[in-house]
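Summary of the model geometry
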Amino acid sequence: MELIIFLVIGALAGFAAGLFGVGGGTIIVPLLFIVFTQMGYSPDNIMHLALGTSLATIIVTSISSLMAHNKKGAVMWPVFKNLAPGLAIGCFLGAGIAGQISGLYLQLIVGVFLLWVAFKMFRGGKKKTTSSVSNAHAALPSKPKQLTAGGVIGIASAIFGIGGGSLTVPYLTRYGVVMQKAVGTSAACGLPIAIAGALGFMFFGMKQQVDVPNTIGFVHIYAFLGISIMSFFTAKIGAKVAHILSPQLLKKCFAVLLTVVGFYFLYKGLV
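So, here is what we can say about the structure in this document. Predicted model, so just to flag it, every value in this text is computed and none were measured.

**A look at the overall build of the chain**
Scanning the chain from terminus to terminus reveals 10 helices and two strands. Ordered by position from the N terminus, the helices and strands of the chain form the series α-α-α-α-α-α-α-α-β-β-α-α. On C-alpha atoms alone, the chain measures out to a radius of gyration of 18 Å, which is about the 18 Å that the 2.2 N^0.38 rule sets for 271 residues. If you line up the chain on its principal axes, its C-alpha atoms span 55 × 40 × 35 Å. Here the chain, with 271 residues, has 51% of them falling under the buried criterion. Once local pairs closer than 6 in sequence are excluded, the contacts in the chain between residues at least 24 apart make up 81%.

In structure tokens, the structure reads:
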């Protein structure tokens, strides 16, 4: 029965990720939070389990996304090499930081983050298209600064349970990288974030001796398998549907959903 629930979550998360063009983490974390709450898990562990499991599932989806973007030549590998070490170290450490934050405070933090993403999506239609830069990574900061930026994005990704696209894309476009290459490079960056984050939540969860069945640390194995399998297939369906419907309307609908979920987290954390 548990596996069926997680397959359904994976189907919804993958479809939404393809439909709205966002990482599955923004869907997976809230859904897992609700399911784990209904399953009667300890409130101290629920948010950590949702974040750790979300990052683990992103390993699979990021590989699929990375391959698709690489075929189109949209991944800037020199930039990826500069960001990746910081992303991996930052995300592993971020898992440790998240492990020290109480479940209630994590709910508040993630709630605020979802509201921020929703606000950005509401404003998305007003953004001007970024102009192309002939040598995309020439305009970017030095290697040490990129490494540091990767570390900051990695820490935030672990605490929010996301693949980092919400942070990596704005970082790259800020320095004049065209949107397609920013998204492609961000997809590649999702892999070290997801691997390091999942390992971090496993490691720090095992240190805290989490008493929840079918888990390794803060990663729920059944949830990881069910969500990964289904989201891999349904993301493609969501992407096809997105081409039929209005992108601006879709983004606004998703922003409304994130706003509701964000306030739900704040309510649960404060009450």
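**Thoughts on the nonpolar core**
L32, F36, L172, F201 and F265 are the most contacted members of the largest nonpolar core, which has 75 residues in total. Once residues within four sequence positions are removed from consideration, F36 is found in contact with F6, Y41, I46, L49, A50, H220 and A223.

**Brief notes about the side chain of T185**
Structurally, T185 is set in helix α8 (residues 179-207). T185 sits in the buried class, given a relative accessible area of 0%. If near-sequence neighbours (up to four positions away) are discounted, T185 is found in contact with A74, V75, M76, V79, F80 and L172.

**Looking at helix α2 (residues 25-38)**
The terminal C-alpha atoms of α2, which comprises 14 residues, lie 20 Å apart, in line with the 20 Å expected from a rise of 1.5 Å per residue. A large share of α2 lies buried, amounting to 10 of its 14 residues. Considered for burial, the residues of α2 that qualify are G25, T26, I27, I28, V29, P30, L32, F33, V35 and F36. Count one or two residues on from α2 and you reach G40, which has phi positive near 80°.

**Let's talk about the environment of G154**
Tracing the chain through its elements places G154 in helix α6 (residues 143-160). The class for G154 is buried, based on a relative accessible area of 0%. The sequence separation of G154 and G190 amounts to 36 residues, and the corresponding C-alpha distance is 9.5 Å. Residues in contact with G154, not counting those within four places in the same chain, are L87, G90 and C91.

**Description of the environment of I59**
With respect to the helices, strands and loops of the structure, I59 is situated in helix α3 (residues 43-71). If near-sequence neighbours (up to four positions away) are discounted, I59 is found in contact with L191, A194, I195 and A198.

**Quick word on the packing of aromatic side chains**
Enumeration over the complete set of coordinates arrives at 14 aromatic pairs. Between F201 and F218 the ring centres are 6.4 Å apart and the planes differ by 75°, which places this aromatic pair in the edge-to-face class. Within this pair, whereas F201 is found in helix α8, its partner F218 is found in the loop between β1 (215-216) and β2 (219-220), the two being separated by 17 residues in sequence. Residue F201 is classed as buried on the basis of its relative accessible area of 0%. Ring geometry for Y264 and F265: centres 6.2 Å apart, planes at 45°, overall tilted.

**Here we look at helix α5 (residues 103-123)**
Here α5 spans 30 Å end to end across 21 residues, near enough to the 30 Å set by a 1.5 Å rise per residue. For α5, the full list of buried residues reads G103, L106, Q107, L108, V110, G111, F113, L114, L115, V117, A118 and M121.

**Here's the deal with the packing of α3 against α8**
Contact geometry of α3 with α8 gives a least axis separation of 7 Å together with a crossing angle of 145°. Here the hand of the crossing between α3 and α8 comes out left-handed. Contacts between α3 and α8 involve H48, L51, G52, L55, A56, I58, I59, S62, I63, S65, L66 and H69 from the first element and V183, G184, A187, A188, G190, L191, I193, A194, I195, G197, A198 and F201 from the second. Grouping the constituent residues of the contact of α3 with α8 by class yields 16 nonpolar, eight polar and no charged.

**Looking at the side chain of T173**
Secondary-structure assignment places T173 in helix α7 (residues 165-174). In terms of polar contacts, T173 uses its side chain to reach the backbone carbonyl oxygen of P170, at 3.2 Å.

**Focus on unusual backbone geometry**
Where the residue is not glycine, phi is negative for most of them; where a peptide bond is considered, it is trans in most cases. The phi dihedral of Q209 is positive, around 50°, even though this residue is not glycine. Inspection of the secondary structure puts Q209 in the loop between α8 and β1. You will see that N214, though not glycine, has its phi angle at about 60°, which is positive. Along the chain, N214 turns up in the loop between α8 and β1. What makes N214 partly exposed here is its relative accessible area of 32%.

About the thresholds
Residues numbered from 1 in each chain as written. Predicted model: local features only at pLDDT ≥ 70, side-chain atom pairs only at ≥ 80, totals over all residues. Heavy atoms only, no water. Helix = DSSP H or I, 4+ residues; strand = E, 2+ residues; numbered from the N terminus. Rg over C-alpha atoms; globule rule 2.2 N^0.38 Å. Buried < 20%, exposed > 50% of the residue type's maximum accessible area, 1.4 Å probe, protein only. Contact = heavy atoms within 4.5 Å. Core = buried A, V, L, I, M, F, W, Y, C linked by side-chain atoms within 4.5 Å. Expected span 1.5 Å × (residues − 1). Phe/Tyr/Trp six-rings, centres within 6.5 Å; stacked < 30°, edge-to-face > 60°. Axes fitted to C-alpha atoms, helices over the stretch in contact; angles between N-to-C directions. Left-handed = near helix turned anticlockwise from the far one by under 90°. Nonpolar A, V, L, I, M, F, W, Y, C, P; charged D, E, K, R; others polar. Polar contact = N/O pair within 3.5 Å; in protein donor to acceptor, adjacent residues only side chain to side chain.

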